[in-house]
Amino acid sequence: DVKVTQSSRYLVKRTGEKVFLECVQDMDHENMFWYRQDPGLGLRLIYFSYDVKMKEKGDIPEGYSVSREKKERFSLILESASTNQTSMYLCASSPRDTYEQYFGPGTRLTVT
Amino acid sequence: AQSVTQPDIHITVSEGASLELRCNYSYGATPYLFWYVQSPGQGLQLLLKYFSGDTLVQGIKGFEAEFKRSQSSFNLRKPSVHWSDAAEYFCAALGGKLIFGQGTELSVKP
């Protein structure tokens with residue numbers, strides 16, 4: 001089975017802190033994605049990556065950055081956390097030539 | 001703009017009753033279509049997908065969906081709902097990138 005893991009299920013941070021959310025997949029997938037999920041808004045794409053060291057902005061990249069130094073790992077970085085970044089963050093991966101994305105369990109981030 | 005709409009935010013059905021969750025898309029061409037389910041505290045799991053061919057697709061857990069080009073719809077159905085089906089359901093369309101609907105929360109009454 002494909003497994004996508006995220007470093008934390010719950011995280012509480014203070015405004016202004018730098019926050020790292022880690023995602024690891026074990027199926028050698030080329031594509032990796034970061035979404036945030038908010039009630040009534042569904043999932044919105046923050047960033048994605050098609051290969052190591054490559055990244056593309058999604059629909060809502062402001063306030064976020066990403067890092068992909070290894071194929072299996074895709075990190076989401078909040079440079080200076082703000083309360084409006086309180087949300088559920090979901091990581092996903094997919095093979096290069098298919099369209100089925102596999103999701104991790106999510107990290108619920110609260111910024112106070 | 002490309003979009004996916006799930007008109008129902010919350011639906012309650014009785015256990016054993018049939019279920020239909022609605023999904024409409026707005027794209028220039030027919031996109032690839034998906035239904036995902038999210039149980040409480042979990043990530044998303046793919047239920048089924050439509051790329052082309054037969055417009056009635058079967059998925060896991062007894063779910064099916066029908067693609068109707070004329071209505072730009074991809075509704076999810078299940079003939080008999082089980083209490084364990086209570087979850088949030090997301091329709092998604094891929095036309096370059098994956099775009100999700102707002103989600104429909106399903107509650108199941110005993």
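Criteria and cut-off values
- Residues numbered from 1 in each chain as written.
- Chains lettered and ligands numbered in written order.
- Predicted model: local features only at pLDDT ≥ 70, side-chain atom pairs only at ≥ 80, totals over all residues.
- Heavy atoms only, no water.
- Core = buried A, V, L, I, M, F, W, Y, C linked by side-chain atoms within 4.5 Å.
- Buried < 20%, exposed > 50% of the residue type's maximum accessible area, 1.4 Å probe, protein only.
- Helix = DSSP H or I, 4+ residues; strand = E, 2+ residues; numbered from the N terminus.
- Contact = heavy atoms within 4.5 Å.
- Disulfide = S-S within 2.5 Å.
- Pairing = 2+ DSSP bridges.
- Axes fitted to C-alpha atoms, helices over the stretch in contact; angles between N-to-C directions.

S.K.: For the nonpolar core, give the residues involved together with the corresponding values.
M.R.: Membership of the largest hydrophobic core comes to 28 residues, with the highest contact counts inside it found for Leu19(B), Trp35(B), Leu47(B), Leu48(B), Phe74(B), Leu76(B) and Tyr89(B). Elements supplying a minimum of two residues to this core: strand 2 (10-14), strand 3 (19-21), strand 5 (32-38), strand 6 (44-50), strand 8 (64-68), strand 9 (73-78), strand 10 (87-94) and strand 12 (104-109) of chain B. With four residues, strand 10 of chain B is the single largest residue contributor to this core. Excluding residues that lie within four positions of it along the chain, Leu76(B) makes contacts with Leu19(B), Glu20(B), Leu21(B), Trp35(B), Leu47(B), Leu48(B), Phe63(B), Glu64(B), Ala65(B) and Tyr89(B). Grouped together as the second largest cluster of nonpolar side chains are 20 residues, Val4(A), Leu11(A), Cys23(A) and Val111(A) included.

S.K.: I'd like a rundown of the state of the cysteines, residues and numbers included.
M.R.: Residues and elements named next belong to chain A. Under the definition given, this model contains two disulfides over all chains. The disulfide bridge from Cys23 ends at Cys91, spanning 1.8 Å between sulfur atoms. Disulfide Cys23-Cys91: torsion about the S-S bond near -75°, hence left-handed. Residue Cys23 is found in strand 3 (residues 19-25), and its partner Cys91 is found in strand 9 (residues 87-94); the two are separated by 68 residues along the sequence.

S.K.: Which residues make up the sheet that holds strand 8 (residues 73-78) of chain A, and what are the values?
M.R.: All names here are of chain A. Strand order in the open sheet made by the four strands is 1-3-8-7, with antiparallel pairing throughout. Looking at the sheet topology across the chains shown, the edges are occupied by strand 1 (4-6) and strand 7 (64-70). On average, each strand axis in the sheet is tilted by 20° relative to the strand beside it, whichever way the strands run.

S.K.: Give me the environment of Val24(A): which residues, what numbers.
M.R.: All names here are of chain A. Looking at where Val24 falls in the secondary structure, it is placed in strand 3. Among the residues examined, Val24 registers a relative accessible area of 24% and is labelled partly exposed. For the pair Val24 and Gly104, spaced 80 residues apart in the sequence, the C-alpha separation amounts to 8.8 Å. In this structure, Val24 is in contact with Lys3, Val4, Thr5, Glu72 and Arg73, ignoring residues within four places of it in sequence.

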